[in-house]
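Each chain, written out:
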Amino acid sequence: MKQHLKVFLILCGLATISLHSTRAEGKDFHDQDIKGKDFTKDDLKGADFSDAVLKDCTFYHGNLPGANFKGADVSAQFAGANAKGCDFREAKLNLFAYEADFSKCNFEGVDMSHISLLTNKFREANLRNTKGWGQASSCDFSKADLRGANLRGMNWMNSDAVPRFRGAIYDD
């Protein structure tokens, strides 16, 4: 009876149903093995993914500010995700990221060779000593710290997709 009432209220427009959105603020995923998890639109502010193994996960439009991925093995898609201030140090990354915001994130020393980046923001990010850069089309690296980073392999699809480095800090 209770389920029928809920369906009736939804059909009448008097109640709503969330198709996908989970509130997992501060959630602890430390050292967990997570496969195929869909974190679409999840609120994961401050979540701890440190030393976790994430395989084939999606973070479409996820809210991840301040999440900790330090030392994690991450194979995931970050499309439209808010990942401001995340810590990716010592992480093994295999990512596809489209229109994600990685501003103020810490990627220091990370191998970026298995990352495909399209139109992402890395404003004020710590990218010191990163290496293996590949595709970084239309990304914004404004005020990012790139000291010691090896950008030799960085490429973009066409002349309209050149990354921006306004105010970035780099070695001479």
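Here goes a summary of the coordinates provided. Only a predicted model underlies this, so the values are computations on that prediction, with no experimental measurement involved. (Residues numbered from 1 in each chain as written. Predicted model: local features only at pLDDT ≥ 70, side-chain atom pairs only at ≥ 80, totals over all residues. Heavy atoms only, no water.)

The helix and strand inventory of the protein stands at one helix and six strands. Ordered by position from the N terminus, the helices and strands of the protein form the series α-β-β-β-β-β-β. Counting only residues that meet the buried cut, the protein has 41% of its 172 residues in that class. Surface exposure of the protein reaches about 9600 Å², of which carbon and sulfur atoms provide 48%. (Helix = DSSP H or I, 4+ residues; strand = E, 2+ residues; numbered from the N terminus. Buried < 20%, exposed > 50% of the residue type's maximum accessible area, 1.4 Å probe, protein only. Areas by Shrake-Rupley, 256 points an atom, 1.4 Å probe, with all protein chains shown as cover.)

We now examine the sheet that holds strand β3 (residues 73–79). Strand order in the open sheet formed by six strands is β1-β2-β3-β4-β5-β6, with parallel pairing between adjacent strands. Strand pairing shows two members of the sheet lacking a second neighbour, β1 (33–35) and β6 (136–137), which therefore form its edges. (Pairing = 2+ DSSP bridges.)

Time to look at the pattern of salt bridges. On inspection of all chains with the given rule, the structure shows seven salt bridges. Of the charged contacts in the structure, one is a salt bridge between Lys84 and Asp101, with a shortest N-O distance of 3.8 Å. Of this pair, Lys84 sits in the loop between β3 and β4 (92–98) while Asp101 sits in the loop between β4 and β5 (115–118), and the two are 17 residues apart along the sequence. The class for Lys84 is partly exposed, based on a relative accessible area of 41%. Assessed through its relative accessible area of 12%, Asp101 is described here as buried. (Salt bridge = Lys/Arg side-chain N within 4 Å of Asp/Glu carboxyl O.)

We now examine the nonpolar core. Where a protein is soluble and globular, its nonpolar side chains tend to be buried together. Counting residues in each nonpolar core, the largest one holds 44 residues, and the members touching the most others are Phe59, Leu64, Phe69 and Phe78. Those elements giving two or more residues to this core turn out to be β2 (53–58), β3, β4 and β5. Ignoring sequence-local partners within four residues, the contact set of Leu64 consists of Leu44, Lys45, Phe49, Phe59, Phe69, Phe78, Ala81, Asn82, Ala83, Lys84 and Cys86. (Core = buried A, V, L, I, M, F, W, Y, C linked by side-chain atoms within 4.5 Å. Contact = heavy atoms within 4.5 Å.)

Before going further, it helps to spend a moment on the packing of aromatic side chains. The relative placement of two aromatic rings is captured by the distance of their centres and the angle of their planes. Following the criterion strictly, the structure yields 21 aromatic pairs and no others. Ring geometry for Phe59 and Phe69: centres 6.2 Å apart, planes at 85 degrees, overall edge-to-face. Taken together, the residues Phe59 in the loop between β2 and β3 and Phe69 in the loop between β2 and β3 connect sequence positions 10 residues apart. The pair Phe59 / Phe69 is uniform in exposure class, with both members buried. Ring plane angle 20 degrees and centroid distance 5.3 Å describe the contact between Phe102 and Phe122, whose orientation is recorded as stacked. In this pair, Phe102 is assigned in the loop between β4 and β5 and Phe122 in the loop between β5 and β6, connecting sequence segments 20 residues apart. This pair shows no difference in class: Phe102 is buried, exactly as Phe122 is. Directly above the ring of Phe39 sits Lys37, whose terminal nitrogen or CZ lies 5.3 Å from the centroid. (Phe/Tyr/Trp six-rings, centres within 6.5 Å; stacked < 30°, edge-to-face > 60°. Lys NZ or Arg CZ within 6 Å of the ring centre and 35° of its normal.)

Let's shift gears to the pairing of β2. Where β1 and β2 come together, three bridges link them in parallel fashion. Among the inter-strand pairings, Ile34 is bridged to a residue of β2, identified as Leu54. The pairing of β2 with β3 spans four bridges and is parallel. In the strand pairing of β3, Leu54 is matched with Val74.

Relative to the assigned elements, Leu118 resides in strand β5. The spatial distance from the C-alpha of Leu118 to the C-alpha of Ala100 is 8.6 Å, given a sequence separation of 18 residues.

For Asn120, the location among the structural elements is in the loop between β5 and β6. C-alpha of Asn120 to C-alpha of Ala97: the two residues are 23 residues apart in sequence and 7.0 Å apart in space. Polar contacts involving the side chain of Asn120 include one to the main-chain amide nitrogen of Glu99, which spans 3.4 Å. A polar contact is formed between the side chain of Asn120 and the backbone nitrogen of Ala100, at a distance of 2.8 Å. (Polar contact = N/O pair within 3.5 Å; in protein donor to acceptor, adjacent residues only side chain to side chain.)

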